[in-house]
Amino acid sequence: MAVQVAIDHELVERMIHDLARYGAWGETGVVRKVYTPEWAGAQQQVMRWAEEAGLHTWQDAVGNVWARLQGREDGPSIVTGSHIDSQAPGGRFDGALGVIAGLVALRTLREQFGTPRRTLELVSFCEEESSRFPATNFWGSRAVTGLIGPEEPETLRDYDGVTIADAMRAVGLDPGRIPQAARDDIEVFIELHVEQGPILEQQGLPIAVVTGFPGIRHYLVEVRGRADHAGAMPMDLRQDPMLAAAEMISAVIARAREIGRPAVTTVGRVLVQPNFPAIIPEKVSFTIDVRHPDSARLADLCAAHEQTLRTIASRHGRATSWQITTSHPPCSSDPELVRLLVEAAAEQGIPATTMPSGAVHDAQRMAHIARVAMVFVRSVGGRSHTPAEFTTTDDAVAGIRVLAAGLRRLAY
Ligand code: GLV
Ligand code: MN
Ligand code: MN
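Throughout this description, residue numbers start from 1 for each chain and increase along the sequence as written. For this description, chains carry letters from A and ligands carry numbers from 1, given in the order in which they are written. Local features are withheld for residues below a pLDDT of 70 in this predicted model, meaning they are given only at 70 or higher, and side-chain atom pairs are given and counted only at 80 or more; totals for whole chains, interfaces and linings count all residues. The basis for the side-chain values is all heavy atoms of the structure; hydrogens and waters are excluded.

**Let's talk about the domain arrangement of the chain**
Note the cut-off: As annotated, the domain borders come from an automatic or database domain assignment. Two residues qualify as a contact provided that any one of their heavy atoms is within 4.5 Å of a heavy atom in the partner residue. A pairing counts as a salt bridge when a side-chain nitrogen of Lys or Arg comes within 4 Å of a carboxyl oxygen of Asp or Glu. Under this definition, polar contacts are N or O atom pairs within 3.5 Å; protein pairs additionally need one hydrogen-donor-capable and one acceptor-capable atom, and for neighbouring residues in sequence, both atoms have to be side-chain atoms. Under this grouping Gly is polar, as are all residues other than the nonpolar Ala, Val, Leu, Ile, Met, Phe, Trp, Tyr, Cys and Pro and the charged Asp, Glu, Lys and Arg.
Under the domain assignment used here, the chain contains domain 1 (9–214 + 330–411) and domain 2 (215–328). If you average the C-alpha positions of domain 1 and of domain 2, the two centres end up 33 Å apart. Between domain 1 and domain 2, the contact holds 12 residues from the first and 11 residues from the second. There are zero salt bridges connecting domain 1 and domain 2. Remark: the boundary between domain 1 and domain 2 carries three residue pairs in polar contact (both at pLDDT 80 or more). Taken together, the residues of the side of domain 1 that touches domain 2 sort by class into nine nonpolar, two polar and one charged.

**Things to note about the state of the cysteines**
The condition is simple: When two cysteine sulfur atoms lie within 2.5 Å, the pair is treated as a disulfide. Each residue is assigned to one of three classes by its accessible area relative to the maximum for its type, calculated with a 1.4 Å probe on protein chains only: buried under 20%, partly exposed between the two thresholds, exposed over 50%.
Counted according to the given criterion, the structure contains zero disulfides. No disulfide involves Cys 302; its nearest neighbouring cysteine sulfur is the one of Cys 331, lying 17 Å away. Look at Cys 302 and you get buried, because its relative accessible area is 0%. Classification of Cys 331 as buried rests on a relative accessible area of 17%.

**Side note on the site of ligand 1**
The cut-off we apply is this: Summary of the distance rule: residues count as near a molecule or strand when at least one heavy atom falls within 4 Å of that molecule or strand. Using a 1.4 Å probe, accessible areas were evaluated by the Shrake-Rupley method; residue-level cover was limited to the displayed protein chains.
Taken together, the residues surrounding ligand 1 are Glu 128, Glu 129, Arg 291, Ala 359, Val 360 and His 385. At 2.9 Å from an oxygen atom of ligand 1 is found a main-chain nitrogen or oxygen belonging to Val 360. With respect to ligand 1, the side chain of His 385 contributes an N or O atom lying 3.1 Å from an oxygen atom. Computed on the free molecule, ligand 1 has an accessible area of 190 Å², of which 88% lies beneath the protein chains in the complex. Counted by class, the shell around ligand 1 contains two nonpolar, one polar and three charged residues.

**Points about helix 10 (residues 335–347)**
Heads up, the rule is: Put simply, DSSP H or I for four residues or longer makes a helix, DSSP E for two residues or longer makes a strand, and each gets a number counted from the N terminus. The span expected for a helix works out to 1.5 Å for each residue beyond the first.
The end-to-end C-alpha distance of helix 10, which contains 13 residues, comes to 18 Å, matching closely the 18 Å that a straight helix rising 1.5 Å per residue would cover. The secondary structure elements touched by the buried residues of helix 10 are strand 7 (186–194), strand 8 (207–210), strand 16 (352–355), strand 17 (371–377) and helix 12 (393–411). Once helix 10 finishes, Gly 349 follows within two positions and takes phi at roughly 70°, a positive value.

**Overview of the pairing of strand 5 (residues 77–83)**
Here is the rule we go by: Strand pairing is assigned whenever DSSP identifies at least 2 bridges connecting the two strands. Classification remark: right-handed applies to a crossover when, strands pointing away from the viewer, the course from the first strand over the helix to the second runs clockwise.
Within strand 5, seven of the seven residues are buried, which leaves it mostly tucked inside the rest of the structure. As paired strands, strand 5 and strand 7 are joined by four bridges and run parallel to one another. Bridge pairing in strand 7 places Thr 80 opposite Ile 190. Bridge count between strand 5 and strand 6 (residues 120–125): six bridges; the pairing is parallel. When the bridges of strand 6 are listed, Val 79 appears paired with Glu 121. Since strand 5 and strand 6 lie parallel, the crossover through helix 3 (residues 96–113) that links them has a hand, and here it is right-handed.

In structure tokens, the structure reads:
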């Protein structure tokens, strides 16, 4: 007979509400950037909840929080969790729901089924969003997978110029110890996350099991010109970088629109220097976020965007350069885990589908050392990376039941 996992609805709702107090932004938003006091408060809260649930907790060298439910047998761990940092501003659910889900799942499994055969762990990753440091690239899961370069702590700077090493020291962490956060004893990583798009809502379903993840590339483009007087310098004598930048931005977005789903291109950050109404800009910088689930198509799209930048720069005679600040290949979920989670949903009587992820996730990094899969929970209106992000507690509970049932199949 199917074993029903009973999740405490009220506990889930309270945890979502209470965690959102750390870095609360407006009525429903959160700004919780890595290594800030509100981030530290949230990680401590997660540790307290895990200890109350009877789990053994610790914070690793990079600031990830872990909680363990020791199994009877030796062997690699089965891990669940997500990230505690947020966009700026973001919502209450991106990352946070996966941390809460893992906590509630482990707590419920322990209460309902006792000591597992295999060791189960929760991880609350310190950083995923790159919302403070533009090039952290999954800092928390990169530390766990041993992929942080030795030069990075002293060279990565936040938008205010603070190095990540100094930011770590400010919350009592020693950047020299980052390599100690690496793990080689994790067999499975299953992350629960809000979908962040509209597909589940359109299909009228609460849950999906994720089949794969897009490849992503971030560019930082600089178009240079010369600052002059906005009234006195005639149009034909200006070296204004704005016209070229505006054409570049419009061209890369238009190309992704023409190609259509699942290709996407976003220009989300534009910096004008010196950024005053009566001064012709000296420099316009902007980011391009390019994603596609097929690596060859991603490479083609990026090559086309780069050619566009060159063509427009040369037509306007504007010195233009770019650097790639993030680059990850697409990745697939483990098919066996996908099957197991689909079966777990059926066992719990929860309607579920399978779908690829549009967002990138820590699970992609964890795929370097473990078999991975994800559970998606419906997002209201498909909204995310905004304080308008929302997921009902009913749907969150449905997702946690699927997660817990999946972990039970693996660990008991
Ligand atoms: C993760 O937050 C992403 O940008 O997909
Ligand atoms: Mn996320
Ligand atoms: Mn996010």
